[in-house]
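Each chain, written out:
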Amino acid sequence: MARAMFEPAYREIFPFWDKISEDEREYICENSVALSYPKGTTIHDGSECSGVFFIRSGCIRVYIMSDEGKDITLYRLHSGSMCMLSASCVLQSVTFDVFIDAEEDSECYIISGPAFAHVADNNTDIKIFSLETAVSRFSDVMWVMQQILFMSLDRRLAIFLIDESTRTGSDVIELTHEQIAKYMGSAREVVSRMLKYFANEKIVEVSRKGVKILDKRRLRDLTL
């Protein structure tokens, strides 16, 4: 039953799937669960090895948090993406805690961390896949750190709006100022002031529905 449910997805996303044994494929499927998370749910609080997440639908946010409770978004994952940083028992070199929240109603397949690590111990292909997946996410993390440390807020906001527009295929960014600030690692008041400046310059239009891009060329110029 479990294999019939999970294997079609795993065969598609795991390049090593046909290289491991029948028993190992069965073992991974038997140690998988399908869970649904309502919007706002904390999926992983950094305290344990939650496992390998595969997002079937929705959106999750991966972030780090300071002792004072300030958080910085590392990246968001949407349908078809995978999160390895929640599986510290697989990637033992990851020594910092990450937190994961459901930003939308989300459905995930979750492979038990110890089970995935057990199979990986005997398969170089799985270890390579795990490391490559983690490295690609660290590239996203470094991009976030670069923006926070070295870029002006207007450029960061312009980059965020352009990226979000590209991702959704719409010129209307249906996010609140609070959400935008959270994703950018900034304060809501600061983001609101910058959006007001963009609106005064006729680059965007701000409303209750979100932020509508009016002049994409000028917005792109700000990203350079």
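Residues numbered from 1 in each chain as written. Predicted model: local features only at pLDDT ≥ 70, side-chain atom pairs only at ≥ 80, totals over all residues. Heavy atoms only, no water.

Moving on: the sheet that holds strand E6 (residues 82-83). The strand order E1-E8-E3-E6 describes an open sheet built from four strands, whose pairing is antiparallel. In this open sheet, the two strands that pair with only one neighbour each are strand E1 (32-37) and E6. Pairing geometry for strand E3 (residues 52-57) and strand E8 (residues 106-111), over five bridges, is antiparallel. Looking at E8, one finds that Ser-57 is bridged to Glu-107. (Pairing = 2+ DSSP bridges. Helix = DSSP H or I, 4+ residues; strand = E, 2+ residues; numbered from the N terminus.)

What follows concerns unusual backbone geometry. Backbone geometry places Lys-202, a non-glycine residue, at a positive phi of 65°. Secondary-structure assignment places Lys-202 in the loop between helix H7 (188-200) and strand E10 (204-207). On the basis of relative accessible area, Lys-202 is assigned to the exposed category, the value being 60%. (Buried < 20%, exposed > 50% of the residue type's maximum accessible area, 1.4 Å probe, protein only.)

What follows deals with the packing of aromatic side chains. A full pass over the atoms with the stated rule returns 15 aromatic pairs. Plain terms: the ring middles of Phe-14 and Phe-16 are 4.8 Å apart, the flat faces sit at 20° to each other, and that makes the pair stacked. Here Phe-14 and Phe-16 have matching classes, each one buried. Ring geometry for Tyr-63 and Phe-99: centres 5.6 Å apart, planes at 20°, overall stacked. On the criterion of sequence distance, the pair formed by Tyr-63 in strand E4 (residues 59-65) and Phe-99 in strand E7 (residues 99-102) is long-range, its members being 36 residues apart. In this structure Phe-99 comes out as buried when scored by relative accessible area, which is 17%. One cation-aromatic arrangement involves Arg-61 over Tyr-63; the distance from NZ or CZ to the ring centre is 4.0 Å. The lysine or arginine in question, Arg-76, covers the ring of Tyr-183, its NZ or CZ lying 4.0 Å from the ring centre. (Phe/Tyr/Trp six-rings, centres within 6.5 Å; stacked < 30°, edge-to-face > 60°. Lys NZ or Arg CZ within 6 Å of the ring centre and 35° of its normal.)

Turning next to the pattern of salt bridges. Note that side chains of opposite charge can pair when their charged atoms are close. In total, this model carries 18 salt bridges according to the counting rule given. Across the pair Arg-137 and Asp-140 runs a salt bridge, and its minimum N-O distance is 3.2 Å. Taken together, the positions of Arg-137 and Asp-140, both in helix H4 (residues 124-150) and three residues apart, correspond to about one turn of that helix. With relative accessibility at 28%, the residue Asp-140 sits in the partly exposed group. Here Arg-167 and Glu-164 are joined by a salt bridge, their closest N and O atoms 2.7 Å apart. Residue Arg-167 and its partner Glu-164 are both found in helix H5 (residues 153-168); the two are separated by three residues, about one turn of the helix. The class of Arg-167 is partly exposed, set by a relative accessible area of 40%. Here the salt bridges share partners, and the residues they tie into one network are Arg-3, Glu-7, Arg-11, Asp-18, Glu-22, Arg-25 and Glu-26. (Salt bridge = Lys/Arg side-chain N within 4 Å of Asp/Glu carboxyl O.)

Here we come to the environment of Ile-128. Residue position: Ile-128 is located in helix H4. On the basis of relative accessibility, which here comes to 41%, the residue Ile-128 falls in the partly exposed class. Taking the C-alpha atoms as reference, Ile-128 lies 9.5 Å from Phe-16; in sequence the two are 112 residues apart.

Glancing now at the sheet that holds E10. Sheet architecture is open: three strands sit in the order E9-E11-E10, paired in antiparallel fashion. Two strands bound the open sheet, and with one partner strand each, they are strand E9 (172-173) and E10. As defined by bridge partners, E10 adjoins strand E11 (residues 210-213) across four bridges and the pair is classed as antiparallel. Each bridged residue has a counterpart across the sheet, and for Ser-207 the counterpart in E11 is Gly-210. Each of E10 and E11 is contacted by H7, which is oriented at about 125° to E10, the strand it contacts most. (Contact = heavy atoms within 4.5 Å. Axes fitted to C-alpha atoms, helices over the stretch in contact; angles between N-to-C directions.)

What follows deals with the pairing of E11. As judged from the two bridges shared by E9 and E11, these two strands associate in the antiparallel manner. Its bridge partner lying in E11, Val-172 is registered against Lys-212. Connecting E10 to the next strand, E11, in antiparallel fashion are two residues.

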